[in-house]
Amino acid sequence: MKSPPSPPAHDLAARDRDAIRRYYEQNTPLFLRFARAETQTIHRAVWGDGVDSLTRALDFTNELVLREINAWIEQHEFARVRIADLGCGIGGSLFYLLPRLAIPVRAVGVTISRVQAELAQLHARRLDLTRACWFVEGDFLAPPLADGLGIAYSIEAFCHATLPEMFLAQAARVLASGGKLILCDDFLSPLAREAGSAAQRWLAAYQKGWHVPNLRTYVAAQALASEHDLNCVRNDDLTPYLKLRALPNWFAAALRAMGERVPAWHAIVPSMLGSLALQQCLKQNLIEYRFLVFEKS
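Fair warning: this is a prediction, and the values are worked out from it, not measured in the lab. (Residues numbered from 1 in each chain as written. Predicted model: local features only at pLDDT ≥ 70, side-chain atom pairs only at ≥ 80, totals over all residues. Heavy atoms only, no water.)

Visitor: Looking at this model, I keep getting lost on the environment of Ser113. Mind explaining?
Guide: Relative to the helices and strands, Ser113 resides in the loop between strand S2 (106–111) and helix H5 (114–126). In sequence terms Ser113 and Ile20 are 93 residues apart; their C-alpha atoms lie 8.7 Å from each other. Setting aside chain neighbours within four positions, we find Ser113 in contact with Tyr24, Glu25 and Glu137. Here Glu25 takes part through its side chain, which lies 2.5 Å from a polar atom of the side chain of Ser113. Within the structure, the side chain of Ser113 is placed 3.3 Å from the backbone nitrogen of Val115, a separation counted as a polar contact. (Helix = DSSP H or I, 4+ residues; strand = E, 2+ residues; numbered from the N terminus. Contact = heavy atoms within 4.5 Å. Polar contact = N/O pair within 3.5 Å; in protein donor to acceptor, adjacent residues only side chain to side chain.)

If you want it as structure tokens, here you go:
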């Protein structure tokens, strides 16, 4: 007896996107309860060289993006520059960048979540930044953006791309020649290929809990980007600058087993399991947190 045919890739991608949307619609209000108000960011803290406070650690990746944009502005000397945050959350990165850029720019944030887009627009009004930026609910696999952008960046969002080749193709479309795409995200470590079943279970728990369909090595990501004329010009490993909160293996495995039996009454439950799994993956060198910069040829 023949098995039923698998659903088409685009149907699976749509299903994943709906799940990711629900994940952020439900979790964003809870995330914000624990976020530092001055950063408006739900990204992870990176304790790079010279970082001496949690606020600076939370803004570390924003600072790296800021340096890239200012360097691009200095090199091109454009009077008008447009940038985009692909997977902008509630706009924390743009709110950090805009007051610190060398020249005024026009910016747009794209998020799959209506809740996040509305919160970001509200914060923009409070910060008197509505003339500099706006936020739209949309899919970054088909972003509602015109071409000619100088910079597009994505912090901890590329991993949610259900069709990464489409993400990269669209990024290449909206960028001007010489424009830059910046990705800061988790990538699969080469060591993960040889990991045993216990390690693979942690990877699967991370991907399921955080809705991460796109987990690949940075080498694979670079190769895929090159197919869209996006050439990697910077590759920094930020993993050593993360402060791990990994539990003893036996205790973490017991919590995971209990969590997997608890009904997912709210998206925060799988999110907590995903956080637990990510810490174990980082502890076992299965995941790398990297900062990649691509230039459109």
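Here the narrative resumes, following the displayed structure.
Visitor: Sorry, what's going on with the nonpolar core here?
Guide: In this structure, Ile83, Leu98, Tyr206 and Ile287 are the most contacted members of the largest nonpolar core, which totals 63 residues. A per-element tally of this core places helix H3 (residues 60–76) first, with seven residues. Excluding anything up to four places from it in sequence, Leu98 contacts Val105, Ala107, Leu129, Ala132 and Cys133. Judged by nonpolar contacts, the second largest core, of 28 residues, contains Leu149, Val174, Leu230 and Phe294. (Core = buried A, V, L, I, M, F, W, Y, C linked by side-chain atoms within 4.5 Å. Buried < 20%, exposed > 50% of the residue type's maximum accessible area, 1.4 Å probe, protein only.)

Visitor: Sorry if this is basic, but what is going on with the packing of helix H9 (residues 249–261) against helix H10 (residues 268–283) here?
Guide: Working note: a packed helix pair is described by the angle between its axes plus the distance between those axes. Viewed as axis vectors pointing N to C, H9 and H10 meet at an angle of 150 degrees, and their least axial separation amounts to 10 Å. Regarding the angle of H9 to H10, the classification is roughly antiparallel. In the packing of H9 onto H10, the handedness of the crossing is left-handed. Contact residues: Asn249, Ala252, Leu255, Arg256, Gly259 and Glu260 in H9; Leu273, Leu276, Gln280 and Lys283 in H10. Looking at the contact of H9 with H10 residue by residue, the classes come out as four nonpolar, three polar and three charged. (Axes fitted to C-alpha atoms, helices over the stretch in contact; angles between N-to-C directions. Parallel < 35°, antiparallel > 145°, perpendicular 65-115°, else oblique. Left-handed = near helix turned anticlockwise from the far one by under 90°. Nonpolar A, V, L, I, M, F, W, Y, C, P; charged D, E, K, R; others polar.)

Visitor: Could you clarify how one ought to interpret the side chain of Asp186 in this entry?
Guide: With respect to the helices, strands and loops of the structure, Asp186 is situated in strand S5 (residues 175–188). At 2.9 Å, the side chain of Asp186 and the side chain of Arg44 are in polar contact. At 2.6 Å, the side chain of Asp186 forms a polar contact with the side chain of Tyr206. Setting aside chain neighbours within four positions, we find Asp186 in contact with Arg44, Tyr206, Leu215, Leu278, Ile287, Glu288 and Tyr289.

Visitor: Whenever I open this one, the state of the cysteines confuses me. Can you help?
Guide: Disulfide: a covalent bond connecting the sulfur atoms of a pair of cysteines. Within the structure shown, the criterion is met by zero disulfides. Cysteine Cys133 shares no disulfide, and the gap to the nearest cysteine sulfur, in Cys88, comes to 9.3 Å. Looking at Cys133, the relative accessible area reads 0%, which means it is buried. Distance from the sulfur of Cys184, which forms no disulfide, to the nearest cysteine sulfur (Cys159) is 11 Å. (Disulfide = S-S within 2.5 Å.)

Visitor: What is the right way to look at unusual backbone geometry in this model?
Guide: Backbone geometry follows two general trends: most residues other than glycine have a negative phi, and most peptide bonds adopt the trans configuration. Within the chain, Asp229 stands out as a residue other than glycine whose phi angle is a positive 60 degrees. With respect to the helices, strands and loops of the structure, Asp229 is situated in the loop between helix H8 (218–226) and strand S6 (230–237). With a relative accessible area of 44%, Asp229 lands in the partly exposed category. Non-glycine residue Asn285 carries a positive phi angle of around 60 degrees. Relative to the helices and strands, Asn285 is located in the loop between H10 and strand S7 (287–296). The exposure class of Asn285 is partly exposed, given its relative accessible area of 44%.

Bear in mind that shape data such as this cannot, by itself, settle questions of function.
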